[in-house]
Amino acid sequence: MKYDENNPLSDISRPSEGEFDLLVQKYLDGTLEPKDAARFKACLSDPQYVACFVEKCKQDQLMYELIAAGSCQPDDTSDSFDLSMWQEFGKYEACAPAVVRSDEPVAERELIQKVEHPKIRRKINRSSIISLCIAAAAVLFMITFVHVAPISSNIQVATLTDSIGARWADRDVSMQKGARLRARNTSLLLREGLAQIQFDNNAQITIEGPAEFQILGEDMVRLNYGQIYSIVPPEAYGFQICTRDSKIIDLGTEFGVKQDLDGDMEVHVLRGKVVFVSKAVGKNNNIDMIAGSARRLNAITGDIGEIACREDLFVRQIDSASDLIWRGQALNLADVVGGGNGFSGGIIESGIDPSSGAVYLKPRQDYTTVQSDTYNTVQNRPFIDGVFVPDGRYGANQITSAGHTFSGFPSTSGKFYSDITANPYVIEIQGKEADSTPKKKVVSKLTPVSQNAEIMKQPCIFIHTNAGITFDLQQIRQAHPSLDITTFTARCESPSVWARKAEFWVLLDGECVFQCTADDARLKKQVVQVPIRPDHGYLTLVTTDGQDGQDYDWCLFSRPEIWFAPRVHTAEAGL
Amino acid sequence: MSLEQDQIIELILRNRIRLTAFIRSIVSDCHSAEDIFQHVCLLALQSSEKFNDTTHLLKWTWMVCRTESLKNLHTRKNHPVIFDEHILEMIQSESEKTTFLDDPEIYSILQKCLSLLSMPVQFMLKKRYQENLTGARLAEILNRDVNSTYVAISRAHRALYQCMRKRIKAAEIS
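Here is a short report on the structure shown in this document.

Criteria and thresholds
- Note that residues are indexed from 1 along each chain, following the sequence as it is written.
- The lettering of chains begins at A and the numbering of ligands begins at 1, in the order of writing.
- Reporting in this predicted model follows two pLDDT cut-offs: at least 70 for local features of residues, and 80 or more for side-chain atom pairs to be given and counted; totals over whole chains, interfaces and linings ignore these cut-offs and use all residues.
- Only heavy atoms go into the side-chain values, all of them from the structure, while hydrogens and water stay out.
- DSSP bridges decide pairing: two strands pair if at least two such bridges lie between them.
- Under the scheme used here, helices are H or I runs from DSSP no shorter than 4 residues and strands are E runs no shorter than 2 residues, and both carry numbers assigned from the N terminus.
- Residues are treated as being in contact if the distance between any of their heavy atoms lies within 4.5 Å.
- Put simply, buried area is how much 1.4 Å-probe accessible surface two parts lose in total, over both of them, once they are put together.
- Salt-bridge detection follows one rule: a side-chain nitrogen of Lys or Arg within 4 Å of a carboxyl oxygen of Asp or Glu.
- Gly falls in the polar group here, along with every residue not listed as nonpolar (Ala, Val, Leu, Ile, Met, Phe, Trp, Tyr, Cys, Pro) or charged (Asp, Glu, Lys, Arg).
- Here a Phe, Tyr or Trp ring, Trp counted by its six-membered ring, pairs with any other such ring whose centre lies within 6.5 Å, and the pair is stacked when the planes are under 30 degrees apart, edge-to-face when over 60, and tilted otherwise.
- Charges are assigned to positions over rings by a cutoff of 6 Å between ring centre and Lys NZ or Arg CZ, combined with an angular limit of 35 degrees from the ring normal.
- By this rule the span expected of a helix is its residue count minus one, scaled by 1.5 Å.
- The buried label goes to any residue with under 20% of its type's maximum accessible area, the exposed label to any with over 50%, and the partly exposed label to all in between, with areas taken from a 1.4 Å probe on protein chains only.
- Definition of a polar contact: a pair of N or O atoms within 3.5 Å, with one able to donate and the other able to accept a hydrogen when the atoms are protein atoms, and with sequence-neighbouring residues admitted only if both atoms are side-chain atoms.
- Inter-axis angles, ranging from 0 to 180 degrees, are taken between N-to-C directions of lines fitted to C-alpha atoms, where helices are fitted over the stretch in contact.
- Orientation labels follow simple angle bins: below 35 degrees gives roughly parallel, above 145 gives roughly antiparallel, 65 to 115 gives roughly perpendicular, and whatever is left gives oblique.
- Crossings are sorted by hand: turned counterclockwise from the far helix by less than a right angle, the near helix makes the crossing left-handed, and turned clockwise it makes it right-handed.

## Here's the deal with the sheet that holds strand β30 (residues 511-518) of chain A
Strand pairing within a sheet occurs via backbone hydrogen bonds; the two strands may be parallel or antiparallel. Residue and element names in this part refer to chain A. Strand order in the open sheet formed by six strands is β19-β20-β27-β32-β29-β30, with antiparallel pairing between adjacent strands. Looking at the sheet topology across the chains shown, the edges are occupied by β19 (376-377) and β30. Judged from the two bridges that link them, β19 and strand β20 (residues 384-388) form a sheet pairing that is antiparallel. Each residue of the ladder has a partner; that of T377, found in β20, is G386.

## A few points about the interface of chain A and chain B
In this assembly, 74 residues from chain A lie in contact with 88 residues from chain B. Both sides together, the interface formed by chain A and chain B hides about 7,900 Å², and carbon and sulfur atoms give 61% of it. If you look at where chain A meets chain B, you find seven salt bridges. Contributions of two or more residues to the side of chain A that touches chain B are made by α1 (17-29), α2 (34-43), α3 (47-68), α4 (83-95), β3 (188-199), β4 (204-217) and β5 (220-231) of chain A. At 18 residues, the largest contribution of residues to the side of chain A that touches chain B is made by α3 of chain A. Looking at side-chain class alone, the side of chain A that touches chain B contains 38 nonpolar, 13 polar and 23 charged residues.

## Digging into the packing of aromatic side chains
Within the structure shown, the criterion is met by 21 aromatic pairs over all chains. Ring centres of F40 of chain A and F53 of chain A lie 5.4 Å apart, and the angle between their planes is 80°; on these two criteria the pair is classed as edge-to-face. Of this pair, F40 of chain A sits in helix α2 while F53 of chain A sits in helix α3, and the two are 13 residues apart along the sequence. Taking 6.1 Å as the distance between ring centres and 70° as the angle between the ring planes, the aromatic pair formed by F53 of chain A and F83 of chain B counts as edge-to-face. Placement of the pair is F53 of chain A in helix α3 and F83 of chain B in the loop between α4 (54-74) and α5 (85-95), with the two residues belonging to separate chains. Grouping aromatic residues by their ring pairs yields a cluster made of F20, Y27, F40, Y49 and F53 of chain A together with F83 of chain B. Positioned over the ring face of Y360 of chain A is R364 of chain A, at 3.9 Å from the centre of the ring. Stacked on the ring of Y129 of chain B, the Lys or Arg R128 of chain B has its end atom at 5.9 Å from the ring centre.

## A look at α1 of chain A
One turn of the α-helix equals 3.6 residues, which is why residues spaced by three or four share an orientation. Look at α1 of chain A: 18 Å from first C-alpha to last across 13 residues, which is about the 18 Å you get at 1.5 Å a residue. Extensive coverage of α1 of chain A is indicated by the burial of 11 of its 13 residues. Packing partners of the buried residues in α1 of chain A comprise α2 and α3 of chain A together with α2 (16-27), α7 (119-130), α8 (135-142) and α9 (146-173) of chain B.

## Quick notes on the side chain of N376 of chain A
Residues and elements named next belong to chain A. Mapped onto the fold, N376 is located in strand β19. N376 gets classed as buried once you look at its relative accessible area, which sits at 9%. Within the structure, N376 has its side chain in polar contact with the backbone oxygen of P354 (distance 2.9 Å). A polar contact of 2.9 Å, which involves the side chain of N376, links it to the side chain of T374. Beyond its immediate sequence surroundings of up to four residues, N376 is in contact with P354, S355, S356, G357, G386, V387 and F388.

## Thoughts on the packing of helix α6 (residues 106-115) of chain B against α9 of chain B
Residues and elements named next belong to chain B. Two numbers describe how α6 lies on α9: the axes approach to 9 Å, and their chain directions differ by 125°. For the element pair α6 / α9, the angle class is oblique. Considering how the two elements wind past one another, α6 and α9 form a crossing that is right-handed. Residues I106, I109, L110, K112, C113 and L114 of α6 lie in contact with α9, whose contacting residues are L160, C163, M164, R167 and I168.

## Examining unusual backbone geometry
Along the chain, G209 of chain A connects to P210 of chain A via a cis peptide bond; the corresponding omega equals 5°. The residue P210 of chain A is located in strand β4 in this model. The omega torsion of the bond from T465 of chain A to N466 of chain A falls at -5°, within 30 degrees of zero and hence cis. Despite not being glycine, R559 of chain A has its phi angle at roughly 45°, a positive value. Looking at the secondary structure, you find R559 of chain A in strand β33 (residues 556-566). A positive phi is found at N132 of chain B, a non-glycine position, where the angle reads about 50°. For N132 of chain B, the location among the structural elements is in the loop between α7 and α8.

Coordinates in, geometry out; function isn't part of it.
Here is the structure:
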């Protein structure tokens, strides 16, 4: 901001020029109150204020250098160049109180006593001098070694395994994927983006920019500011993250560290244990932390307080090939049914016909006569292998495209009512059968399967009996090569107000791993939690009609989620 | 091709006010800014062989000023304002621009303009900058209200700014 009459900062909704001046002066003094600090920062989101601020800093620096250096002497030349300035200050001086300088003489200090010490001549023998020299040389060598010798001999200790949108400050250091990184005396500044580094002992850290960190050695990182999430396998036990006032020592775990610029920091332990050591403000703290716990260090007081552990605070895994930025979230199979990638993009209104595998933008319902005894693959849904209509009357049913079969389904009507969909609504048809008045129109409307808002707002797969859907786990693994599938979880719900029976089934590679029966009296919801091994290829979800027909069997797999664990490279697997 | 140490010193000193002001904009304290600037000079001399040309050196210097300033903030507990990356980017890009305050004659012009101020105002500014007094301390010494002291400093700054600009403009025209 220049001091113009047409000053753009004169808008009354923004601080006046004078007010901003005041904020800058206080900022440069270091006396800005927190309230003013917030206002000052808010001003600086506007480039005009930034320009003004920079110019003021420059002027202040000029004045500091000129006046503090003592080269400023009043000039006696009567220069009338800037009359307005004189007028302005004339006005100011007219109402300003006089400045009184203290001219009190400083009292002279009185010499009380002069003490003379007798000179003592000490004898020093030669061996003492030699010992002293050797000791001094040793100390000098140690100091020199500590300061001059590079940390860990400047050896390569880690590899940059991946990055997404990373912008590094130091362009001299190659930070391409696969770059070998050395323990160094200087910090690395990741201005933005994400980077993943794997140490040679297989500890892995994911850094979220902006962050400044330093690789101190083969099992140690210093975080100056920013966020780091570390995954430490057993062979890297003892891996450490150091911050300004603290140290977090791993005891075989996964944990995240968030270091703020103001010195405050947080530690969140997601698995295993860590020891959190802090000496901030001279207060020594040594805390054992377990999975699910988190602590916050207040840098001003040195106090450590307990906070809620946030599982989604840190980016835990990245994969530039699939653009995966994983914060621990599960893959949502309802989104997959809607055509999404499991994290977003699914259209919940779409549906899959279990008798053909056809995908429709709006789910079709009121199938009453269609039957199918074939396994039908689904196009354009890469994570879905196929769909089918289960019926035990004819023996084993094929449930995967690889040929897995299951012979445990009961006899069903062989019919189904609805497409498989992520949209838990049924079409209610009025005036179709009961109303015989010819003038009354047939009206269809979508009715939620439950009046419970909690049920309706969570993601689900609506599998009206009799239908089944199989997910291709191998395809999911291929899409996320840096993650391992660990578990499938869901909640079986039968919110129908009609007392109807239905069965829920979960199968892995044709083997039943979960089954429950729903009827109005016995089941409203049941939790499914199924571990998935690396060799499992297909996950199948099925509902059958409880042998009382498929009508009103509104079966939901609520929150159907596949959970991951980050894949850490082992020594054998290499990078 | 690397730069000679003389070239490095000459270039950094030529941009000293801009660089130091930039550092101050981050750390606010003028003594810290001086220390950081000196440290950056030292680092530049130690890294002399890696600079291809003066543009490279200048880019490097801005970057190191920024990182060293941020590092300095880590060692301080009560810094009232810490800028985020976006604001820092804007401050840096604005600081890199040259304005009339970078004119080589600016010291003599500033001195001239200072001499035009009334003696009490000159006294106030001298106290502030020579003894590095905060507005509150200055108010105490001058037996005035803190706010009115800050207002007086701001007015003096504004008047000096106008004065310097007019003189630089006049010099350009002549």
